Amino acid sequence: MKLSLTPKYFRLHVGAAKATRDYQTRCTAGRENAAVPSTTMVSPMMTRPTCLACLRRITRATAASLSPILTQVRGKKTSGRPKDAGVVVRLLKDIKGFGKEGAIFRTERGRMRNMWYPTKKAEYMTTARLQQLGLSKTDIGERDPMYGMQVEMEEEIVEDAVEAVAGLPGAKSTPAHGVEIEHVAPNRALELLTTMVPATIVFERLLKHAPSTIAANNPQAESPAEEETVKVLSPLERRRAKMLEPEQPEKTPEELEAERKAHEEELERERKSEEEEAEKLKEIYGSVTARDIAAFIQEKLLLDPEASRIHVQAEEIKFLGHAAGVDKVEKIGKFEIEIRTHVGKDRVEPLRKTVEIAAA
């Protein structure tokens, strides 16, 4: 069967074949021109690609030129950096889970900068501050994570015991406060406090102002004073000297009284100045508080199983001769204290001890 085309479709077929031959001719000419080197550099993006092969060639060249720009650069690694050990601080207050007042240890910089330093709970311990307190780097300790937790643990144990007793079938009517803890008798507690705690409790502290030596104040005190030569005058010379002296007018009683008062005021000022100087020499770094005394007493009581059941709190210690509410001293000397503690619901007879603060 022979296929015949109408004049209209025949013209379309011839036109399509001619267009195909022209396209192939242009592609062949473009490849030949690209192979021949030219003295004039023409950017591949300035000419329009004639075929798919030319488009691939131009795309590869462009991607190769942009490869350094598109390369990913990783950041500097920080995994090898040493861990920050923190800063050395000294607690100015008791902090639960860290330690009591005066403890020195290292802590995080952020905790000190944002929490403790603004609220005056701790201070920075620089090298100069350590030297000022007479300490060294060997005095830097560790935090006490169990500080303040012991009381809570004891309370939880008591609460658990109360709940256990209250939950028994035969103890439903027993109230929670029916749980009794064995205590020491008041008379026995007084005897243990008298024997276990020394009559004089000694604390050592550094002085703020070192006492000046006699040699510094009076350099001539070390060497014997030279004897002054006293010239003995004859009676005639004494009369002549008396005649040469100007006559002093007699003073009125008012003037004599004014001189006496001025002399007494001068002596009073000197006495006060000496007392202030003496008190200044007694000043110490830090203080000795009722809490320190209670901790000392508790350490002594823990040496005996029976005495360890006596608990002396800081609120039960009072400094005699001080204003009400004063619970610390900040100078050297001897101070009398009164201990008013209790065992259970029974009060123990007040006991007096002496606290001595000596220069370290």
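Residues numbered from 1 in each chain as written. Predicted model: local features only at pLDDT ≥ 70, side-chain atom pairs only at ≥ 80, totals over all residues. Heavy atoms only, no water.

Visitor: I'm lost on the confidence of the model for the chain in this one. Help?
Guide: Note: predicted coordinates in regions of low pLDDT should not be interpreted at a detailed level. Of the residues in the chain, 65% reach a pLDDT of 70 or more, and the chain-wide mean stands at 76. Within the chain, the lowest mean pLDDT, 46, falls on helix α8 (residues 214-217), and the highest, 94, falls on strand β3 (residues 122-124). Counting contacts from residues 35-45, a segment whose pLDDT is below 50, to residues more than four positions away or on other chains yields four contacts. Here residues 220-227 is a poorly scored stretch, pLDDT under 50, and it has two contacts once near neighbours within four places are set aside; other chains count. (pLDDT = per-residue confidence, 0-100. Helix = DSSP H or I, 4+ residues; strand = E, 2+ residues; numbered from the N terminus. Contact = heavy atoms within 4.5 Å.)

Visitor: Help me understand the side chain of E123, please; the structure alone is not making it clear to me.
Guide: Within the secondary structure layout, E123 lies in strand β3. For E123, a relative accessible area of 16% corresponds to the buried category. Separated by 2.8 Å, the side chains of E123 and R90 make a polar contact. A polar contact of 3.5 Å, which involves the side chain of E123, links it to the side chain of R129. (Buried < 20%, exposed > 50% of the residue type's maximum accessible area, 1.4 Å probe, protein only. Polar contact = N/O pair within 3.5 Å; in protein donor to acceptor, adjacent residues only side chain to side chain.)

Visitor: Please clarify how the nonpolar core should be interpreted in this entry.
Guide: One recurring pattern in soluble globular proteins is that nonpolar side chains are buried together. Counting residues in hydrophobic clusters, the biggest one holds 31 residues, and the most contacted among them are L193, I201, I293, I297, I310, V312 and I317. Taken together, the elements giving at least two residues each to this core come down to α7 (186-196), β4 (200-205), β5 (283-289), α11 (290-301), β6 (317-319), β8 (333-339) and β11 (351-359). In terms of residues, this core owes the most to one element, α11, which gives six residues. With residues up to four places along the chain from it excluded, the contact list for V312 reads L193, A294, I297, Q298, L301, I317, I339 and T341. Counting residues in hydrophobic clusters, the runner-up holds nine residues, among them V87, F105, W116 and A122. (Core = buried A, V, L, I, M, F, W, Y, C linked by side-chain atoms within 4.5 Å.)

Visitor: Whenever I open this one, the sheet that holds β3 confuses me. Can you help?
Guide: Paired through backbone hydrogen bonds, the strands of a sheet run either parallel or antiparallel to each other. Ordered by their spatial adjacency, three strands build an open sheet running β2-β1-β3, and the pairing between neighbours is antiparallel. Of all the strands in the sheet, the pair left with one neighbour each is β2 (104-107) and β3. In this sheet, adjacent strand axes meet at a mean angle of 45° when their direction is disregarded. Across four bridges, the pairing between strand β1 (residues 87-91) and β2 is antiparallel. Directly across from R90, in β2, lies its bridge partner I104. (Pairing = 2+ DSSP bridges. Axes fitted to C-alpha atoms, helices over the stretch in contact; angles between N-to-C directions.)

Visitor: Which parts of the structure should I look at to understand the sheet that holds β4?
Guide: Strand order in the open sheet made by the four strands is β4-β11-β8-β6, with mixed pairing throughout. With partners counted over all chains shown, the strands left at the sheet margins are β4 and β6, one partner each. Strand-to-strand twist across the sheet, computed as the mean angle between neighbouring axes with direction ignored, equals 30°. In the sheet, β8 pairs with β11 via seven bridges, with the strands oriented antiparallel. From the neighbouring strand, G333 faces β11, where its bridge partner is I357. Helix-sheet contacts for α11 involve β4, β6, β8 and β11, and the interaxial angle to β4 is about 120°.

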